[in-house]
Amino acid sequence: LSRLTRMPNTNFMDQSTKTNSHSFRKVVYTLVHQYPSHFLALFSVTALQGIFNGLSVVTIAPIADIVLGKEHTEISKVTQYLFQITDFFQIKPTVGFIFSLFGLFLIISGLIGIGTTYLVARIKYDVLTHLSTSTMTTFFDAKFSFFNSGEIGLFLNSFQKELERIGDTFGQIVSIFVSVL
């Protein structure tokens, strides 16, 4: 009976999750502090892309109001605000104009998305260059007995393969960081 009433020990899984979460935070913290300008640029570009994505979504309300033929008293606040802006610039707010505005916002957002992809690749490249340079410097500063104890080709090939894995991991971490923003 005691076997049936005993609950499984899930403390190990909780501890493992905490350790992984702590490790992830430590890696992100290290990357942000070693490459602050990269992450500031990435954050700025991602925020700008979010603004243009939001603007493109907001322009759907005026399109719906005009297409549905709502009276001036029934239109949404977004449409009223857009009409105030177009009145200020003396532009007639037609469906074509608003669709053009919607398309423009989508194009700008897409171009910024390309910039975001470039920044992710650039961060990955800079991190890998830094890791490769520092590790190679450590290799070449090592004593001869280190190289004499094994095959140098095996060391370098293993290093290169692990560096590729690290680069892919960093690229994925930065991509996750971007999608969270």
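Above this note sits the structure.
Rules behind the numbers
- Chains are numbered independently. Their residues run from 1 in the order of the written sequence.
- Local features in this predicted model are restricted to residues of pLDDT 70 or higher, and side-chain atom pairs are both shown and tallied only at a pLDDT of 80 or more, whereas totals for entire chains, interfaces and linings draw on every residue.
- Values shown for side chains rest on all heavy atoms present in the structure; no hydrogens or waters enter the calculation.
- Secondary structure counts use DSSP, requiring at least four H or I residues in a row for a helix and at least two E residues in a row for a strand, with both numbered from the N terminus.
- Only protein chains enter the area calculation, which uses a 1.4 Å probe; residues under 20% of their type maximum are buried, those over 50% are exposed, and those in between are partly exposed.
- In what follows, a contact means two residues having at least one pair of non-hydrogen atoms within 4.5 Å.
- Exposure was quantified through the Shrake-Rupley algorithm and a 1.4 Å probe, taking into account, for residues, occlusion by the shown protein chains and nothing else.
- To pair, rings of Phe, Tyr and Trp, with the six-membered ring standing in for Trp, must have centres within 6.5 Å; the planes then decide the type, stacked if under 30 degrees apart, edge-to-face if over 60, and tilted in the middle.

Caption draft 1: Looking closely at the overall build of the protein. Across its full length, the protein holds 8 helices and 0 strands. Scanning the protein from its N terminus toward the C terminus, one meets helices and strands in the order α-α-α-α-α-α-α-α. Here the protein holds 181 residues, and 23% of them are scored as buried. For the protein, contacts bridging at least 24 residues in sequence account for 73% of all contacts bridging at least 6. With the model as given, the accessible surface of the protein reaches about 13,200 Å², and the carbon-plus-sulfur share is 65%.

Caption draft 2: Structural detail: the packing of aromatic side chains. Under the counting rule described, the total for this entry stands at 2 aromatic pairs. Ring plane angle 55° and centroid distance 6.0 Å describe the contact between Phe 52 and Phe 105, whose orientation is recorded as tilted. Taken together, the residues span a long stretch of sequence, with Phe 52 in helix 3 (residues 36–58) and Phe 105 in helix 6 (residues 95–141) at a distance of 53 residues. Summarising the burial analysis for this pair, Phe 52 and Phe 105 share the class buried.

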